[in-house]
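# Tertiary structure, described
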Amino acid sequence: MSDLIDELAWRGLIAQHTDMEALRAALQAGPVTFYCGFDPTAPSLHHGHLVQLIMMRHLQLAGHKPLALVGGATGLIGDPRMTKERQLHDKETVAGWVEKLKGQISQFLDFEGPNAARLVNNLDWTQGLSAINLLRDLGKNFRMGTMLNKDAVKSRLNSEEGISYTEFSYQILQANDFLQLYRNYGCTLETGGNDQWGNMVGGVDLIRKVEGVDTHVMTTPIITKADGTKFGKSEGGAIWLDPEMMTPYAFYQFWLQVADDDVVRFLKIFTFKSREEIEALAVEVAERPHQRAAQKALAASVTELVHGTDQLQRVLAAT
């Protein structure tokens, strides 16, 4: 556990964080209960969520206790994007996606043993929240200046479309998730993508105001390619984890096409290979790039992680 932060940093999995020395001390002191949230905005997770699942797996392997939150409530609202309003989906559709996401998440975490993972749904504590309680018990702890200063909110306010009160209020619901998980499970750490930083520290602030306790946040970077462009689009769109939305063969081929400039960094982020294995593959890239040994190792590792050993063998045979 003492080297966990250093290992995550070496792998390029840490972008921003609250007090790092306090977080490091907490992780070294014993099992920390942590959570990461996944909103059901589609019937499948994609490669961006995969980064979060891998982070959760690293933390669990180091002895910490994961709470995987599927946003049955926040998925009905929509986290504000930088560009335009999200399309709202009906309750039945979102509930169906919640179940699909639960199944996908379950593949990556261990649900038995002393640090067993737990799946939670924020609809359980949000659907009974009255308007009066939302405004009086939660809203009183939020300041408009801070809420308006969130990057996505500022971007949308400066756009022609603007932002609805529905999406503007999302940050309150996410902060309340952290508060409820702290109260119910002793959760003291939230992890997530760096685009969620503003919402995540909102939960830290809320817990400090309501409970007088300091908690922690740690984000992963938004994955980009060496040329600075966003990583993760294929000709067919997003890199879905559901084999019905992207076949294991197409999934494997996507990772096989990663550029030499990116492959070593992606081996650190998307696989659990050791430093020694990755350093050896870095030598292969430098000395024998035409053999694409690192790309083959990356594609095989990620495909096996997401789709299992049997599917990987079928893909390799087809390839």
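Here, the structure is the one placed above.
Structure report, in brief. Note that this is a predicted model, so its numbers are computed, not measured.

### Considerations on the overall build of the protein
Looking only at helices and strands, the protein features 17 helices and 7 strands. Its C-alpha radius of gyration of 20 Å places the protein within 12% of the 20 Å reference for a compact globule of 319 residues. Seen through its principal axes, the protein has C-alpha atoms that stretch 65 × 45 × 35 Å. Taking all 319 residues of the protein together, 47% fall into the buried category. Of all intrachain contacts in the protein linking residues separated by at least 6 positions in sequence, the fraction that spans at least 24 positions is 76%. Approximately 15100 Å² of the protein is accessible, and the part contributed by carbon and sulfur atoms is 50%. Both charge centroids of the protein, one from 31 positive and one from 39 negative side chains, sit 3 Å from each other.

### Concerning the pairing of strand β4 (residues 189-193)
By the criterion of burial, β4 is predominantly enclosed, with 5 of the 5 residues buried. Of the strand pairs in this sheet, strand β1 (residues 33-38) and β4 are connected by 2 bridges, and their pairing is parallel. Along β4, the bridge assignment pairs Tyr35 with Glu190. Note that β4 and strand β5 (residues 216-220) share 5 bridges and pair parallel. Of the residues in β5, the one forming a bridge with Glu190 is Val217.

### What to know about the environment of Pro221
For Pro221, the position within the fold is in the loop between β5 and β6 (233-234). As for Pro221 and Thr309, which are separated by 88 residues in sequence, their C-alpha atoms are 29 Å apart. For Pro221, the contacting residues outside a window of four places in its chain are Gly12, Leu13, Ile14, Ala15 and Asn194.

### Structural notes on the sheet that holds β4
Strand order across the open sheet formed by 5 strands is β3-β2-β1-β4-β5, with parallel pairing between neighbours. Of all the strands in the sheet, the pair left with one neighbour each is β3 (118-121) and β5. Direction aside, neighbouring strands of the sheet carry axes that sit 25° apart on average. Bridge count for β1 against strand β2 (residues 65-70) is 6 bridges, and the pairing is parallel.

How each quantity is defined
Residues numbered from 1 in each chain as written. Predicted model: local features only at pLDDT ≥ 70, side-chain atom pairs only at ≥ 80, totals over all residues. Heavy atoms only, no water. Helix = DSSP H or I, 4+ residues; strand = E, 2+ residues; numbered from the N terminus. Rg over C-alpha atoms; globule rule 2.2 N^0.38 Å. Buried < 20%, exposed > 50% of the residue type's maximum accessible area, 1.4 Å probe, protein only. Contact = heavy atoms within 4.5 Å. Areas by Shrake-Rupley, 256 points an atom, 1.4 Å probe, with all protein chains shown as cover. Lys, Arg positive; Asp, Glu negative; His and termini not counted. Charge placed at Lys NZ, Arg CZ, Asp CG, Glu CD. Pairing = 2+ DSSP bridges. Axes fitted to C-alpha atoms, helices over the stretch in contact; angles between N-to-C directions.

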